[in-house]
Amino acid sequence: MYELALVMVMTILAVLSPGADFALVTRNSYLYGRKHGVATAFGIAMGVWVHVAYSSILILFSMFYLSTLLIWVKYLGALYLMYLAFNTFFQRPVEDMTSTVKQSVYRTFQQGILTNTLNPKNRFICYEFDESKYV
């Protein structure tokens, strides 16, 4: 029971921390309205299921059979985060912030799925929860 409560608290804290998902939902809600914001949020929720599925299967396999590969994945993830940080500080400023392009609700749903699925923060969170069960 203690583990379930701990996982619930950590999940809530992870969801509340702002990131790419929060920025995308805010952007789509502001530019296209509530319906697009909700569609983006549903897309993000679907992206969470992608993380749960592959992390549960692949982490178990890699822990038992490919421990060296797991170490390399950790280092590559750290390098990727440093690359993102570098690009954040040295990118060119955006010149035109206005958008007159209309998007479909399906397109904003797709953006939500892709943003969450490709977000490295979510990979680490799912990995840590799965790894903690077997340590």
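Model, not experiment: these values are computed from the prediction. (Residues numbered from 1 in each chain as written. Predicted model: local features only at pLDDT ≥ 70, side-chain atom pairs only at ≥ 80, totals over all residues. Heavy atoms only, no water.)

Visitor: How should I be thinking about the overall build of the protein chain in this particular structure?
Guide: What the protein chain contains, in helices and strands, is six helices and zero strands. The N-to-C order of helical and strand elements in the protein chain reads α-α-α-α-α-α. Looking at the protein chain as a whole, 24% of its 135 residues qualify as buried. Restricting the contact set of the protein chain to residue pairs at least 6 apart, pairs at least 24 apart contribute 84%. Total accessible area computed for the protein chain in this model is approximately 10,400 Å², and 73% of it derives from carbon and sulfur atoms. (Helix = DSSP H or I, 4+ residues; strand = E, 2+ residues; numbered from the N terminus. Buried < 20%, exposed > 50% of the residue type's maximum accessible area, 1.4 Å probe, protein only. Contact = heavy atoms within 4.5 Å. Areas by Shrake-Rupley, 256 points an atom, 1.4 Å probe, with all protein chains shown as cover.)

Visitor: What is the right way to read a nonpolar patch on the surface from this model?
Guide: Together, Phe61, Phe64, Tyr65, Leu66, Leu69, Trp72 and Val73 line one region of the surface with nonpolar side chains, adding up to about 800 Å² of accessible area. On the secondary structure map, Phe64 appears in helix 3 (residues 34-65). Classification of Phe64 as exposed rests on a relative accessible area of 58%. (Patch = residues over 30% accessible without salt bridge, like charges linked within 9 Å, V, L, I, M, F, W, Y side chains within 5 Å. Salt bridge = Lys/Arg side-chain N within 4 Å of Asp/Glu carboxyl O.)

Visitor: Would you mind going over helix 2 (residues 20-32) with me for this structure?
Guide: Structural remark: α-helix, 3.6 residues per turn; residues separated by three or four positions point the same way. Between its first and last C-alpha atoms helix 2 spans 18 Å; for 13 residues at 1.5 Å apiece the expected length is 18 Å, and the two agree. For helix 2, the complete set of buried residues consists of Asp21, Leu24, Asn28 and Tyr32. The buried side chains of helix 2 occupy one side of the element, clustering within an arc of 65° when seen end-on. What points out from helix 2, more than 90 degrees from its buried face, is the exposed set Phe22 and Tyr30. Once helix 2 ends, the next one or two residues include Gly33, with phi positive near 110°. (Expected span 1.5 Å × (residues − 1). Arc of directions from axis to C-beta.)

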